Amino acid sequence: MTQENTLAALAAVIESRKPTNGGNPETSYVARLLAKGSDSFLKKIGEEATEVVMAAKDVDYGADKDKLVYEVADLWFHSMVMLAHYGLSAQDVLRELARREGLSGLVEKAQRSDS
Ligand SMILES: N=c1c2ncn([C@@H]3O[C@H](COP(=O)(O)OP(=O)(O)OP(=O)(O)O)[C@@H](O)[C@H]3O)c2ncn1[C@@H]1O[C@H](COP(=O)(O)O)[C@@H](O)[C@H]1O
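Reading the values: the criteria
Chains are numbered independently. Their residues run from 1 in the order of the written sequence. Reporting in this predicted model follows two pLDDT cut-offs: at least 70 for local features of residues, and 80 or more for side-chain atom pairs to be given and counted; totals over whole chains, interfaces and linings ignore these cut-offs and use all residues. For side-chain calculations, the full set of non-hydrogen atoms in the structure is used, while hydrogens and water are omitted. For every residue, the accessible area obtained with a 1.4 Å probe (protein chains only) is divided by the maximum for its type, and the residue is called buried under 20%, exposed over 50%, and partly exposed between those limits. Secondary structure elements are defined from DSSP: runs of H or I of at least 4 residues count as helices, runs of E of at least 2 residues count as strands, and each element is numbered from the N terminus. Here, the arc refers to the directions that run from the helix axis to the C-beta atoms. By the criterion applied in these results, polar contacts are pairs of N or O atoms within 3.5 Å in which, for protein atoms, one can donate a hydrogen and the other can accept it, and in which residues neighboring in sequence qualify only through two side-chain atoms. Nearness of a residue to a molecule or strand requires only that one of the residue's heavy atoms be within 4 Å of it. Each accessible area is a Shrake-Rupley result for a 1.4 Å probe, and residues are judged covered by the shown protein chains and nothing else. By the convention adopted, Pro, Cys, Tyr, Trp, Phe, Met, Ile, Leu, Val and Ala count as nonpolar, Lys, Arg, Asp and Glu as charged, and the other residues, Gly among them, as polar. Lines are fitted to the C-alpha atoms to define the axes, a helix being fitted only along its stretch in contact, and any angle between axes, read from their N-to-C directions, falls within 0 to 180 degrees. Each angle gets one of four labels, with under 35 degrees taken as roughly parallel, over 145 as roughly antiparallel, 65 to 115 as roughly perpendicular, and the rest as oblique. What makes two residues a contact is simply this: any of their non-hydrogen atoms within 4.5 Å. Crossing handedness is read from the near helix: turned anticlockwise from the far helix by less than a right angle, it gives a left-handed crossing, and turned clockwise, a right-handed one. Stacked, edge-to-face and tilted are the three classes for Phe, Tyr and Trp ring pairs, Trp counted by its six-membered ring, which pair at centre distances within 6.5 Å; planes under 30 degrees apart are stacked, over 60 edge-to-face, the rest tilted.

### Quick notes on helix 2 (residues 29-36)
Inspection of helix 2 places Val30, Ala31, Leu33 and Leu34 among the buried residues, and these make up the whole buried set. One side of helix 2 holds all its buried residues, which, seen down the axis, span an arc of 160 degrees. The residue sitting at the N-terminus of helix 2 and contributing the capping side-chain oxygen is serine 28; that oxygen lies 3.3 Å from the backbone nitrogen of valine 30.

### Side note on the site of the ligand
Close contacts around the ligand come from Leu10, Val13, Arg17, Ser28, Tyr29, Val30, Lys44, Glu48, Asp74, Phe77 and His78, and that covers them all. Take arginine 17: an N or O atom from its side chain is 2.8 Å from an oxygen atom of the ligand. A distance of 2.4 Å is found between an oxygen atom of the ligand and a side-chain nitrogen or oxygen belonging to serine 28. With the chains in place, 48% of the 830 Å² that the ligand exposes on its own is no longer accessible. Those elements that provide at least two residues to the shell around the ligand are helix 1 (3-16), helix 2, helix 3 (38-60) and helix 4 (66-85). In the shell around the ligand, the residues fall into five nonpolar, two polar and four charged.

### Things to note about the packing of helix 2 against helix 3
Where helix 2 contacts helix 3, the axes come no closer than 5 Å and their chain directions differ by 115 degrees. In terms of orientation, helix 2 and helix 3 fall into the roughly perpendicular class. When helix 2 is examined against helix 3, the residues Tyr29, Leu33, Leu34 and Lys36 are found in contact with a partner set consisting of Ser40, Phe41 and Lys44.

### Some details on the environment of lysine 44
Among the structural elements, lysine 44 can be located in helix 3. By relative accessible area, which is 24% here, lysine 44 ends up partly exposed. Taking the C-alpha atoms as reference, lysine 44 lies 9.1 Å from aspartate 74; in sequence the two are 30 residues apart.

### Points about the environment of serine 28
Along the chain, serine 28 turns up in the loop between helix 1 and helix 2. Serine 28 gets classed as buried once you look at its relative accessible area, which sits at 7%. With 55 residues separating them in the primary sequence, serine 28 and leucine 83 have C-alpha atoms 18 Å apart. Engagement of the side chain of serine 28 in a polar contact is seen with the backbone nitrogen of valine 30, the distance being 3.3 Å.

### Considerations on the packing of helix 3 against helix 4
At their nearest, the axes of helix 3 and helix 4 sit 8 Å apart, and the two run at 160 degrees to each other. The angle between helix 3 and helix 4 places the two elements in the roughly antiparallel class. In the crossing of helix 3 with helix 4, the sense of the turn from one axis to the other is left-handed. Side by side, helix 3 and helix 4 meet where Ser38, Phe41, Leu42, Lys44, Ile45, Glu48, Ala49, Glu51, Val52, Ala55, Ala56 and Val59 of the first sit next to Lys67, Leu68, Glu71, Val72, Asp74, Leu75, His78, Ser79, Val81, Met82 and His85 of the second. Residue composition of the contact of helix 3 with helix 4, grouped by class: 13 nonpolar, four polar and six charged.

### Here's the deal with the packing of aromatic side chains
Counted under the stated rule, the structure contains one aromatic pair. Taken together, a centroid distance of 6.1 Å and an interplanar angle of 25 degrees make the contact between tyrosine 29 and phenylalanine 77 stacked. Of this pair, tyrosine 29 sits in helix 2 while phenylalanine 77 sits in helix 4; the two residues are 48 residues apart in sequence, bridging distant segments of the chain. On the accessibility criterion, tyrosine 29 (43% relative accessible area) is partly exposed.

Pasting the structure below:
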């Protein structure tokens, strides 16, 4: 399975866990998050983002990079749950990144009407 397929497969599982698709909060972590509503996974995203920053700082001080990968995976996963809740998916984010391809962040910033 390619990495892009991994994202698509995970998105499909998350979709199947929605309350409207019969997701069961008793047996599924994703269904539980979605049933609880946005506060549950938005709180997790805040926590996971902080854990990513801490793991990256640990790498700065010589720690193994495995923990950083693990924490980024947690952040991506919870972000995908959030995207599904709002009717979006990783594909929408990949499309936006593809749209930006080749456009320098410095050039883009200079082009903003409010800059
Ligand atoms: N990729 C993930 C995934 N990554 C992380 N997690 C869960 O996200 C939670 C992360 O929370 P923490 O690290 O803060 O750990 P914790 O303190 O135990 O969590 P809380 O009690 O605070 O919620 C843990 O319960 C992890 O098991 C995930 N749970 C599910 N998936 C994928 O989602 C699919 C569907 O999962 P279910 O809906 O549970 O069947 C799975 O097959 C996986 O592919």
